[in-house]
Amino acid sequence: MATMNNEPTGFTKRPSRRLSASATKAPLVPSADRRWSLRRRLTVALGGFGGLAIITLIVAPLVGPTPITLARVFDTSVPFTENVDAQIFFIARLPRALAGILVGASLAVAGVVFQALLRNPLATPFTLGVSAGASLGAMLVITLGLPVAMVGIPAVPIASLLGSLGAASVVYTMATLRHRGLSTTVLLLAGVTLNSFFSAIIMFVQYSSDFAQTFQTVRWLMGNLDVGGFQPILAALPLLGIAFVMFGTLPRALNLLTLGSDSAAARGVDILRVQRVAFLSASLATGAAVSLSGPIGFIGIVIPHLIRLVVGADHRIVMPASACLGAAFLVACDVAARSVMAPLELPVGVITALTGGPFFLWLLVRQR
Amino acid sequence: MLQVANVSFAYEKHLVLSDVSFDLAPGGLLGILGPNGSGKTTLLRLLGGLLRPSAGQILLDGRDLGSITKAGLAKRMAMVPQETYLAFDYSVLEVALMGRYPHLRTFEVEGPEDVEVARAALAETGTANLEQRSFMTLSGGEKQRVVIASALAQFGRRATDTGRRPVEALLLDEPTASLDLGYQLDIASTIRRLNNDRSTAIVISTHDLNFAASVCEQVVLLRQGCILAAGPIHEILRPDTVKDLYNVDAVVEHHAKAGHLTIVPLARRAIDTPYGHNE
Amino acid sequence: MATGATTMTRLRGLVVIVAWLVFVADLQAQAPQRIVSIIPAVTEILFAIGAGPQVVGVGSYDNYPPEIGDLPRVGGLIDPDVEAILALRPNLVVLYITQVDLTTQLTRAGIPLFEYSHGTLADIPTTIRRLGNRTGHAAEADKVALDIEDGLVGIAEAVSRRHRPRTLLVIAREPYSLRNLFASGGSGFQHDMLELAGAKNVLDGTMRRAVQVTTEMILQAAPDVIIEVRTVERLSPAEIEKEMEVWNALPSLPAVQNQNVIFLTGSDLVIPGPRIVQAITRFALVLHPDAPLPTQ
């Protein structure tokens, strides 16, 4: 397995031909000389990245502007409503860390799936308009005060989820309009168009709202993991659960999809079903994640590439490893966001961009 | 083995193939020849089960292609496209192992048997030494041979498979398009060897008449979606059929040293256009 | 010679009278008759000091006093409509000091400007007097300013020597949720209002006008009183009830335990203008219900 010597060329069908290229760089988790063992590589990768995720989850709730100690947190002699340390730990920090795990994992795997579906390494979970739809939904509630609250779940996450699913439906319908199945080209074009269209509407809505509302929407767009309780997480969990179950059926088919639709179909892959499941699961995961925390960028594109550098391109390893690393990365960024300028906080999306952006540039330069 | 009966195919009201019929015997070596746009690739995709005919039937050992499961079909028929472009980088062995997909159950992981089949397939096409290389760094010829190996891996049977080995068919679309002379000879010899040793039926769609002549025993001439002629190559490939097909004056003769027909184009023929002759 | 002296006196008197008449006429001529204000606070001030009839255009976000009625709207801080402003042929435009582009354009058109910026509570009477001088209503403006100053002093006295509850002043948050919550920091006129009304702002250590407050910050600050300020007047009692329930997610806050979460609506709460005393009194009544405050 190797580095990505091929530039991401999007739609170009002509690969670069290099006669007798030099030996490739070995990945950090090399497959052994003559034995080919997926299980072993999977165990190593999951052990490494999974361990990282678990460590981050354990450490994160302990870090923050207010010093707290585990002893005081679990001190049962003090009633909960008077135990400030416990309140901070269980209401403020632990839900934040859990939200970071869920959102980070979802966006990372959604990124992998979209990249495989569109056969484009530059695809992100936000390429197909899902995030723009979510943002529009949230914005409409904040600005117009639309009463979209349901069963104790606040209005903004519901509206953003509906917005994201709406956008996904539009894009999917356009891509399957002709009876020949799902056209990834149309999918991509429809998604990009929808992004622009929704962005224009978002700008218009921002223009006609007052200061406070504009400020609110701008902050929502920067992403925020401070969910303030377990309820939002529990609300998002079923959707994410469904999405991840669907993710589980995809890895091998996505490997074959890399060869191209025809080659994969010739090897027995049910192309239409795989494309549908991939699109639906990735859109659902993205929509649920964005409704939980607002759109947080760079996870969906940086993590998949980073993972592929380390473990190769087999989706059976890339997908679970990306979930783990995405989770760890986002929680770590959140800790940084609330520590750098304590007690004030930077938006977590700023941290992911500041770390993800330069890293991505380095990735591109390294490829040459 | 394969029976194509009155197959027509239209892509959104545009008729691509019209009433095409021919047979492929087990172990046959068939070439589908024709100029660009004659419907060759579409016909190949129909044979491979990737498309459904708009009219007519394609039978594999008497069963309609549509009634065979995707996995079942993939174990017997493999396709090699003109070019393979990977969106992400895999090793050669991983690409070869992708051919094992139809043999694996949903969450089954490739076992040692599958790895052996993949390695054997790589050896068949002379690419075993490239096993750990990254696919994207290979030359055009090497890539093509690895893809053929991946297709062959679809045929490998497991110890648990029962019954007689079914007859296999390998469909190749313009296999020499991006290859230089040396690789063309390699591919030709690989194909002939497969046909000899394993009785794999071969269908090649190409506009390279000389390559087809070096490999194929039967040919189907396709022009604008219709069959111009079909039959043994020595009977069908003649100067007049070449002229009908390509509007080219050519010399068609058996080359003693090469051991097969060679076609040498001489001059373009006048084409009748609505505006009169075009020299 | 007595007649000569009388004539001189009369002449001197006449000169004085004429001079005074010219002066007054000149003064009136200087007072701008066509004023455009795109700032809600300034619009209110202008009407309060009697310059209302001189106002020909107001900002998009102005909604008080009702007298502004059908006056043309010409935009606000982000989107001032230069054409609309020019079309009104103003001879005084009040704008934010930060609106550099607009300033340049209007200066080029030769229109006199009054530059404004939000300041502290003490700046309000100052601004009123400045506007009074500028618009030829110095006397009325002085009276309004004095009323405000007296009012502020009165409130300060009424709540002095009383315990100052630790208070969080919430300016904005997501609907039905505590996310993206913004509160008044330790600077700006809203902080001043709170402090004058006899509270201690829990965020007074953060020198910013608005602070995005996380769950952790609220839990750690543990305010005794939470005042939520909304400018929209259209929240129904049922909606307010639902919004207040959101705070039950943080039961450790003294404000929640003692049911000291209060919702106040009205544009007077966020505009540093003539109704400021009324607004601060509302705060003070919430914080010190038994204080001898002037009811209005």
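Further up the page is the structure itself.
The following refers to the structure shown. The model shown is predicted, which means the values in this text are computed figures rather than measured ones.

About the thresholds
Residues numbered from 1 in each chain as written. Chains lettered and ligands numbered in written order. Predicted model: local features only at pLDDT ≥ 70, side-chain atom pairs only at ≥ 80, totals over all residues. Contact = placed C-beta atoms within 7 Å. Helix = DSSP H or I, 4+ residues; strand = E, 2+ residues; numbered from the N terminus. Nonpolar A, V, L, I, M, F, W, Y, C, P; charged D, E, K, R; others polar. Pairing = 2+ DSSP bridges. Buried ≥ 20, exposed ≤ 12 C-beta atoms within 10 Å, placed from the backbone. Axes fitted to C-alpha atoms, helices over the stretch in contact; angles between N-to-C directions. Parallel < 35°, antiparallel > 145°, perpendicular 65-115°, else oblique.

## Digging into the interface of chain B and chain A
- In this assembly, 34 residues from chain B lie in contact with 36 residues from chain A.
- Of all elements in the fold, only α2 (70-74), β6 (77-80) and α3 (92-97) of chain B reach the threshold of two or more residues within the side of chain B that touches chain A.
- Per-element tally for the side of chain B that touches chain A: the top contributor is α2(B), with three residues.
- Here the side of chain B that touches chain A is composed, by residue class, of 18 nonpolar, nine polar and seven charged.

## Brief notes about the sheet that holds strand β2 (residues 14-24) of chain B
Residue and element names in this part refer to chain B.
- Spatially, four strands are ordered β2-β1-β4-β5 in an open sheet, and the strand pairing comes out antiparallel. Each end of this open sheet is capped by a strand with a single partner; those strands are β2 and β5 (63-64).
- Here strand β1 (residues 2-11) runs beside β2; their pairing, made up of seven bridges, is antiparallel. Counted as the bridge partner of V4 is F22 from β2.

## What to know about unusual backbone geometry
Residues and elements named next belong to chain C.
- In the segment running from Y64 into P65, the intervening peptide bond is cis, with an omega of 0°.
- Within the secondary structure, P65 sits in the loop between β2 (55-58) and α3 (82-87).
- One non-glycine residue, R161, lies in positive phi territory at about 60°.
- You can call R161 exposed: it has 6 C-beta atoms within 10 Å.
- We note that N180 has phi near 50°; this positive angle belongs to a residue other than glycine.
- If you trace the backbone, N180 turns up in the loop between β5 (166-172) and β6 (181-184).
- Residue classification places N180 among the buried positions, given that 23 C-beta atoms sit within 10 Å.

## A look at the environment of B:A201
All names here are of chain B.
- Positionally, A201 belongs in strand β8 (residues 201-206).
- Sequence separation between A201 and A169 is 32 residues; the distance between their C-alpha atoms is 4.4 Å.
- Ignoring any residue separated from it by four or fewer positions in sequence, one finds A201 in contact with M1, L24, P26, G27, G28, V167, E168 and A169.

## Observations concerning the packing of helix α5 (residues 123-135) of chain C against helix α6 (residues 138-159) of chain C
Residue and element names in this part refer to chain C.
- Across the interface, α5 lies against α6 with an axial gap of 7 Å and an inter-helix angle of 170°. Considered as vectors, α5 and α6 are oriented roughly antiparallel to each other. Contacts between α5 and α6 pair I124, P125, I128, R129, L131, G132 and N133 from the former with A138, E140, A141, D142, V144, A145, I148 and E149 from the latter.
- In the contact of α5 with α6, the residues fall into nine nonpolar, two polar and four charged.

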